[in-house]
Amino acid sequence: MDHIASFAVILLGFALLLILGVLFFGTLKSIKKRYYPNWKFPDYISVGYAEYLYRKFIKRDLPK
């Protein structure tokens, strides 16, 4: 019985991780569509470049 419970917890954790990923990338897509409709996001960016873009473009444009 413990193996079934462990499997269920792992499966639930994986499902929650997928749901959070969909919500995160959906939020990114909605921000892109609303504030930057013509700006192309690159397929792969480093963390430093993402922080640079956030500070340069997004942070000052978002309403307070």
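Everything here concerns the structure above.
In what follows, the accompanying structure is described. (Residues numbered from 1 in each chain as written. Predicted model: local features only at pLDDT ≥ 70, side-chain atom pairs only at ≥ 80, totals over all residues. Heavy atoms only, no water.)

**Concerning the overall build of the protein chain**
The secondary structure content of the protein chain amounts to two helices and zero strands. Looking at the protein chain residue by residue over its 64 residues, the buried ones come to 5%. For the protein chain, the accessible surface area stands at approximately 6,200 Å², while carbon and sulfur atoms represent 69% of it. (Helix = DSSP H or I, 4+ residues; strand = E, 2+ residues; numbered from the N terminus. Buried < 20%, exposed > 50% of the residue type's maximum accessible area, 1.4 Å probe, protein only. Areas by Shrake-Rupley, 256 points an atom, 1.4 Å probe, with all protein chains shown as cover.)

**Section: the packing of aromatic side chains**
Scanning all chains against the criterion turns up two aromatic pairs. Ring centres 5.1 Å apart and planes at 75° place the aromatic pair Phe24 and Phe25 in the edge-to-face group. For Phe25, a relative accessible area of 54% translates into the label exposed. Relative to Tyr52, the ring of Tyr49 has its centre 6.1 Å away and its plane inclined at 25°; by these criteria the two rings are stacked. Taken as a pair, Tyr49 and Tyr52 lie in helix 2 (residues 47–61) at a separation of three residues, close to a single helical turn. A relative accessible area of 38% places Tyr52 in the partly exposed class. (Phe/Tyr/Trp six-rings, centres within 6.5 Å; stacked < 30°, edge-to-face > 60°.)

**Some thoughts on a nonpolar patch on the surface**
A surface patch of nonpolar side chains, about 510 Å² in accessible area, is lined by Leu12, Leu16, Ile19, Leu20 and Leu23. The topology assignment puts Leu20 in helix 1 (residues 2–35). (Patch = residues over 30% accessible without salt bridge, like charges linked within 9 Å, V, L, I, M, F, W, Y side chains within 5 Å. Salt bridge = Lys/Arg side-chain N within 4 Å of Asp/Glu carboxyl O.)

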